[in-house]
Amino acid sequence: GGIITQTPKFLIGQEGQKLTLKCQQNFNHDTMYWYRQDSGKGLRLIYYSITENDLQKGDLSEGYDASREKKSSFSLTVTSAQKNEMAVFLCASSTGTSNTEVFFGKGTRLTVV
Amino acid sequence: GDSVTQTEGLVTLTEGLPVMLNCTYQSTYSPFLFWYVQHLNEAPKLLLKSFTDNKRPEHQGFHATLHKSSSSFHLQKSSAQLSDSALYYCASDTNAYKVIFGKGTHLHVLP
């Protein structure tokens, strides 16, 4: 088995601030994802990465940057935090093959004050 | 574009009654479908996924049938338990890498 570790668990930032969320996985998975979870809106894909140094935009990429520094890590940057961005951000990974399970971390809860 | 639709935001029912959570999808190709479950303060995890050979997947009493003609993958269980209370997501892999999720359905089982 493996685990996905997200840091920090709780992140409080000021409006307009640049904030970075980090994710590490030890599954040795090729593909990693960042999703934003809002009540009533489900899980929306922000960025995904097929392999190291690859980046693909999801449906909600505006206002975010991402970086896949190495196979095991994938970070997400909120370029200018807004109060309507308060949500839980979930990192996930998979082998990237068809019909395969996506494994999730426990999330980072972002609060903007 | 590709999408997954879950029409119910909240389903409340009494323990012992049958469960059905709806899921339909739109895709430019023939995707695989999944159901994920998220209990309070936990990460989402896979509940079941569709098969290539039209077998009906089952797990923990839940089952779902992929109907390509109606683009549906509804989740069913014959008898709800209190422990089934959770948030359920239907998902589709639009290609091997990109997995998209519906808005989720909260299932609340009452004693």
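Placed above this text is the structure.
Everything numeric here is computed off the predicted structure, so don't read it as measured data.

Parameters at a glance
- Residues numbered from 1 in each chain as written.
- Chains lettered and ligands numbered in written order.
- Predicted model: local features only at pLDDT ≥ 70, side-chain atom pairs only at ≥ 80, totals over all residues.
- Heavy atoms only, no water.
- Pairing = 2+ DSSP bridges.
- Helix = DSSP H or I, 4+ residues; strand = E, 2+ residues; numbered from the N terminus.
- Phe/Tyr/Trp six-rings, centres within 6.5 Å; stacked < 30°, edge-to-face > 60°.
- Buried < 20%, exposed > 50% of the residue type's maximum accessible area, 1.4 Å probe, protein only.
- Core = buried A, V, L, I, M, F, W, Y, C linked by side-chain atoms within 4.5 Å.
- Contact = heavy atoms within 4.5 Å.

*Asks:* Got a minute to help me understand the pairing of strand 7 (residues 64-70) of chain A in this structure?
*Replies:* Consecutive side chains along a regular strand alternate between the two faces of the sheet. All names here are of chain A. As paired strands, strand 7 and strand 8 (residues 73-78) are joined by five bridges and run antiparallel to one another. Residue pairing across strands places serine 67 opposite serine 75, the latter belonging to strand 8. The hairpin turn running from strand 7 into strand 8, its antiparallel successor, is two residues long.

*Asks:* Hey, could you run me through the packing of aromatic side chains in this one?
*Replies:* Aromatic ring pairs are described here by two measures, namely the spacing of the ring centres and the angle between the planes. Per the stated rule, a full pass over the model turns up 12 aromatic pairs over all chains. For the ring pair phenylalanine 104 of chain A and tyrosine 36 of chain B, a centre distance of 6.0 Å and an interplane angle of 85 degrees mean the geometry is edge-to-face. With one member in each of two chains, phenylalanine 104 of chain A in strand 10 (residues 103-104) and tyrosine 36 of chain B in strand 5 (residues 33-38) form a pair that bridges those chains. An identical accessibility class is assigned to phenylalanine 104 of chain A and tyrosine 36 of chain B; each is buried. Between phenylalanine 104 of chain A and phenylalanine 101 of chain B, the ring centres sit 5.8 Å apart and the planes meet at 70 degrees, which makes this aromatic pair edge-to-face. Linking phenylalanine 104 of chain A in strand 10 with phenylalanine 101 of chain B in strand 11 (residues 99-101), this pair reaches from one chain into another. Across the pair, phenylalanine 101 of chain B and phenylalanine 104 of chain A agree in class, each one buried. In this structure an aromatic cluster arises from ring pairing among Tyr33, Tyr35, Tyr48 and Phe104 of chain A together with Phe34, Tyr36, Tyr89 and Phe101 of chain B.

*Asks:* Explain the nonpolar core here, please?
*Replies:* Nonpolar side chains in soluble globular proteins tend to be buried together. Residues and elements named next belong to chain B. By size, the foremost hydrophobic cluster in this structure holds 24 residues, and its most contacted members are Trp35, Leu47, Leu48, Leu75 and Tyr88. Those elements giving two or more residues to this core turn out to be strand 2 (10-14), strand 3 (19-21), strand 5, strand 6 (45-49), strand 8 (62-64), strand 10 (86-93) and strand 12 (105-110). With residues up to four places along the chain from it excluded, the contact list for leucine 75 reads Val19, Met20, Leu21, Trp35, Leu47, Leu48, Phe62, His63, Ala64 and Tyr88.

Limitation: the analysis is restricted to geometry and does not speak to function.
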